[in-house]
Structure formats: structure tokens, C-alpha cells
Amino acid sequence: MEIVICKTKEEASRKAADLIAALVKADPKCVLGLATGSTPVEMYKCLIADNKAKKISFKTVKTWNLDEYWGLAGTHDQSYRYFMDKNLFDSIDINKKNTHVLNGLAKDWRKEVKAYEAAIEKAGGIDLQVLGIGSDGHIAFNEPGSALTSRTRIVSLTPQTIKDNARFFKKAADVPRQALSMGVGSIMEARRIVLLAFGENKAEAVKGMVEGGISQFCTASVLQLHDDAWIFCDEAAAKKLKLKKYYAWRAEEALKAEFA
Ligand code: PGA
């Protein structure tokens, strides 16, 4: 695990975007796993800027998103399909047919998740998966207690996640209680992981992920077992880490090697 601690979220987002841009340049047919939430928005802005400046093209890139609220249509302004269109896809040269988000209105969720995983496999698997982290340490909607081997499935959100996400809805009662989500095991199959974490609200979760024991009660902690996971955070999110100076030094070396 490389932990890149930056002064600001803008700096961390730019560095994370650089890793993605390098992949897209090197392999224009790469497969990206994407995430929603407030965290990746700044990084998506960097990728949009790179695309507009013609530094990278998404024309042949394929994407699969982590999750979707169960019961929301893709046209709902709080659905994750809508979010992706507004915050990334509508502003880059990607072919929308190559972008995939789970269908929150699928007639049969079992069929939906099976087909989703099969399509990812057919595409050759995910080259790079973008992740945020919940204040309870979740990745995608893998709430505390999710099996570390879990696959894409329907999940129930915790009261904490519902509370965290209520800011996007008119009232907490409007936040869906369930979602379709890639599993922890599914996420671990991505060849590279790029997780972003910003703000003091994430400090406890980041500590659990990086320095806690591997546990299904902080599903992000399983990333300690991934051999190519990068954590980009600001100083506030890194605040509770014990070895932060060491991580910063090591990450600087790793980034140098990456872009050498
Ligand atoms: P956020 O959500 O980016 O809105 O903080 C992250 C998450 O819950 O994974």
C-alpha cells in the first residue's frame, strides 16, 4: 500500500488523476472501475481538463461503476448513473455505450449482478479501480460486517451511511435503504486500486484502513493485502496515522519510480 499524503485535496486529486491519465495513455483500451460521492469529483475535473487539452482520450476506454442505489432510476438526480454522466461522462469523449452502472431498477437483482460481473470478466477485468472510503471504513457499499470475499450483490446501508448521504437528498427519509454494490472480493480483483480520502471526517476510517487489523468491520482494511493499492489523502484525513512521515517519504519514491 502506498500512502500519498498531500497538503490539499486538489493536489492529491491531481496526483491520482496523473496515475489514471498515464494508464489511459499507455493503454487506450483500458478498463476503469469508477466511484461516485463527493470525494472523486475534483479528480474527475482533472481528467476532464486533460481530455479537453487533448492529453488523453477516453474514446476506447471502458468503465464499470462500483454501485447504485436500489430503487432509483438512472435518470433520478441522486442516482449514480446520473452522477457519472454529470461529473464525468458528459464532459469527456467517452462512448457512453462503454460506460456501465448497475441498474437500480433491475427486475431481478441476482441476474443483474451476475451479468455485471460476467461483463467485467469478458472485458478482461478492471485495470484500475477508483475508490472513496466511508466514514465507517466502507468501500463501495460494503458496510461493516461485509464478507471480505463478497461479490456484487444487494446490500443494506447502515444508519451512518444513510446519515452521511442525507446531505444529497431533501430529507434523510428519501435516502434509499439498499443498494447494489460490487463486493469486497470483486474489488480486490482490480489490478490497481486508487483510493481517495479527504477531510477530518475520514481520519478514523483511514487509520483503520492503513494501520488497523484486517477486518470485515472496516472493509477498506482488506486493501492491505492488495499488492498495488495507492491511497491519496489530504493532511486532515491522514491526521491519525502513526507512520505518516515514513509513508510520505516512501510514496515520494514510489511516485518517482512510477513516472520515471
Ligand atoms: P463521499 O463518500 O465521497 O461522499 O465522502 C465516500 C464513500 O462513502 O465511499
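A brief look at the structure comes next.

What counts, and where the lines are drawn
Residues numbered from 1 in each chain as written. Predicted model: local features only at pLDDT ≥ 70, side-chain atom pairs only at ≥ 80, totals over all residues. Heavy atoms only, no water. Pairing = 2+ DSSP bridges. Helix = DSSP H or I, 4+ residues; strand = E, 2+ residues; numbered from the N terminus. Axes fitted to C-alpha atoms, helices over the stretch in contact; angles between N-to-C directions. Buried < 20%, exposed > 50% of the residue type's maximum accessible area, 1.4 Å probe, protein only. Core = buried A, V, L, I, M, F, W, Y, C linked by side-chain atoms within 4.5 Å. Contact = heavy atoms within 4.5 Å. 1 Å grid on protein atoms, 1.4 Å probe; cavity = no way out; pocket = protein on both sides within 12 Å on 5 of 7 lines; lining within 4 Å. Points joined across faces, edges and corners; volume = space filled by probe spheres on them. Nonpolar A, V, L, I, M, F, W, Y, C, P; charged D, E, K, R; others polar.

Strands sit in the order β4-β8-β7 across an open sheet of three strands; the sheet is antiparallel. Among the strands making up the open sheet, the edge pair consists of β4 (67-69) and β7 (153-156). Taken over all neighbouring pairs, the strand axes of this sheet differ in orientation by 30° on average, direction set aside. Relative to strand β8 (residues 178-181), β4 runs antiparallel, the two being bridged by three bridges.

So, on to unusual backbone geometry. Located in the positive-phi region is K54, a residue other than glycine, with phi close to 60°. According to the relative accessible area criterion, K54 is exposed, its value standing at 74%. At A140, a residue that is not glycine, the phi angle is positive and equals roughly 50°. Its location among the elements puts A140 in the loop between β6 (128-131) and β7. We classify A140 as buried; its relative accessible area is 9%.

If you look at the biggest cluster of nonpolar residues, it comprises 74 residues, and the most contacted ones within it are L32, Y44, F58, L195, M209 and F232. Here this core gets seven residues from one element, more than from any other, and that element is helix α1 (residues 9-26). Look past the residues within four positions of F232 in its chain and what remains in contact with it is V4, A12, K15, A16, L19, V194, L195, L196, A197 and F198. Listed in part, the 11 residues of the second largest apolar core include A166, F169, V175 and A179.

Time to look at the layout of surface pockets. Of the pockets and cavities examined, the largest pocket occupies roughly 610 Å³. At the level of secondary structure, the elements contributing two or more residues to the lining of the largest pocket comprise β4, α3 (80-87) and α5 (159-165). At three residues, α5 tops the list of elements feeding residues into the lining of the largest pocket. Here the residues of the lining of the largest pocket are counted per class, giving 11 nonpolar, 13 polar and six charged. For the second largest pocket, the calculated volume is near 170 Å³. As for the second largest pocket, its lining consists of 13 residues, of which I120, G125, R151, S186 and E189 are closest to the centre. Taken together, the elements giving at least two residues each to the lining of the second largest pocket come down to α4 (109-122) and α6 (184-188).

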